[in-house]
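What follows is the residue order along each chain.
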Amino acid sequence: HRQHNLDIRVARIFNTYGPRMHPNDGRVISNFIVQALNDEDITIYGDGNQTRSFCFVDDLIKGFLSFMEADKKITGPINLGNPDEIKIFDLARTIINLTNSKSIITNSPLPEDDPMRRRPNIDLASESINWNPNIDLITGLKKTIDYFKKEII
């Protein structure tokens, strides 16, 4: 940008989910949904009190579009994600309920380097490109579960 006067944007993406995720991509939401739809045990690491935040894909795309349409002076980096946190245990319980699953939650040891909290600060995105995510977790999970039902059942 500085050297060649190029128009650039740098975005940091945080835990995006939604329809068209690969069922075996290894991310927590896809893992939990697949396990729940198959009535398999849902494995959480540690006690499940660690928190994560999840951004529905439609919100992320709107964030990208707002960022790309913003003034050229706004280059980032800008965090694009949803700052609403949920405990991993509560996420597992929510997915079990939304899928009417018979799954039970099991625990495995927490990896040493696993952070207890992951939450993006989106203040810059909110202020500079007037972007905030709008789709709540339950609505996004329902859409994602519907997609997975068609793909794996």
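Predicted model, so just to flag it, every value in this text is computed and none were measured.

Colleague: Got a minute to help me understand the nonpolar core in this structure?
Modeller: Considering soluble globular proteins, one finds that nonpolar side chains tend to be buried as a cluster. The biggest cluster of nonpolar side chains holds 25 residues, and the ones touching the most others in it are Y17, F32 and L91. Among the secondary structure elements, those contributing two or more residues to this core are α1 (28-37), β3 (42-45), α3 (88-99) and α5 (137-152). If near-sequence neighbours (up to four positions away) are discounted, F32 is found in contact with I42, T43, I44, I88, L91, A92 and I95. L60, I78, L80 and I122 belong to the second largest nonpolar core, which has ten residues in total.

Colleague: It is not clear to me how the packing of aromatic side chains should be interpreted in this structure. Could you clarify?
Modeller: For any two aromatic rings, the description comes down to two numbers: the centre-to-centre distance and the angle of the planes. Per the counting criterion, the structure on display carries three aromatic pairs. Ring geometry for Y17 against F56: centres 5.5 Å apart, planes inclined by 70°, an arrangement best described as edge-to-face. Linking Y17 in strand β2 (residues 16-17) with F56 in strand β5 (residues 55-56), this pair joins segments that are 39 residues apart in sequence. Accessibility assignment for this pair places Y17 and F56 in one class, buried. When the centroid spacing of 5.8 Å and the interplanar angle of 80° are considered together, the rings of Y147 and F148 count as edge-to-face.

Colleague: I tried to follow a nonpolar patch on the surface on my own but got confused; where do I start?
Modeller: Together, Y45, L110 and M116 give the surface a local cluster of nonpolar side chains, amounting to about 280 Å² of exposed area. Among the secondary structure elements, L110 is positioned in the loop between β8 (105-108) and α4 (123-128). For L110, a relative accessible area of 32% translates into the label partly exposed.

Colleague: How should I be thinking about the pairing of β3 in this particular structure?
Modeller: In regular strands, side chains alternate between the two faces of the sheet. Side chains of β3 alternate between two faces, with I42 and I44 buried and T43 and Y45 left unburied. For β3 and β8, the ladder comprises four bridges, and the chain directions are parallel. Within β8, the residue paired with I44 across the bridge is N107.

Colleague: Looking at this structure, I do not really get the packing of α3 against α5. What am I missing?
Modeller: When two helices pack together, their arrangement is given by the angle between the helix axes and the distance between those axes. Axis separation between α3 and α5 bottoms out at 11 Å; the angle between their running directions is 55°. Between α3 and α5, the interaxial angle falls into the category oblique. Note that α3 runs across α5; the crossing there is right-handed. Judged by residue contacts, L91, T94, I95, L98 and T99 of α3 engage L137, I138, L141, K142 and I145 from α5. Class assignment for the residues of the contact of α3 with α5 results in seven nonpolar, two polar and one charged.

Colleague: Sorry if this is basic, but what is going on with the side chain of S103 here?
Modeller: Here S103 shows up in the loop between α3 and β8. For S103, a relative accessible area of 7% translates into the label buried. In terms of polar contacts, S103 uses its side chain to reach the backbone carbonyl oxygen of Q35, at 3.4 Å. Side-chain polar atoms of S103 contact the backbone oxygen of E40, separated by 2.6 Å. Look past the residues within four positions of S103 in its chain and what remains in contact with it is Q35, A36, D39, E40, I42 and I96.

Here is what the cut-offs are and how they apply
- Residues numbered from 1 in each chain as written.
- Predicted model: local features only at pLDDT ≥ 70, side-chain atom pairs only at ≥ 80, totals over all residues.
- Heavy atoms only, no water.
- Core = buried A, V, L, I, M, F, W, Y, C linked by side-chain atoms within 4.5 Å.
- Buried < 20%, exposed > 50% of the residue type's maximum accessible area, 1.4 Å probe, protein only.
- Helix = DSSP H or I, 4+ residues; strand = E, 2+ residues; numbered from the N terminus.
- Contact = heavy atoms within 4.5 Å.
- Phe/Tyr/Trp six-rings, centres within 6.5 Å; stacked < 30°, edge-to-face > 60°.
- Patch = residues over 30% accessible without salt bridge, like charges linked within 9 Å, V, L, I, M, F, W, Y side chains within 5 Å.
- Areas by Shrake-Rupley, 256 points an atom, 1.4 Å probe, with all protein chains shown as cover.
- Salt bridge = Lys/Arg side-chain N within 4 Å of Asp/Glu carboxyl O.
- Pairing = 2+ DSSP bridges.
- Axes fitted to C-alpha atoms, helices over the stretch in contact; angles between N-to-C directions.
- Parallel < 35°, antiparallel > 145°, perpendicular 65-115°, else oblique.
- Left-handed = near helix turned anticlockwise from the far one by under 90°.
- Nonpolar A, V, L, I, M, F, W, Y, C, P; charged D, E, K, R; others polar.
- Polar contact = N/O pair within 3.5 Å; in protein donor to acceptor, adjacent residues only side chain to side chain.

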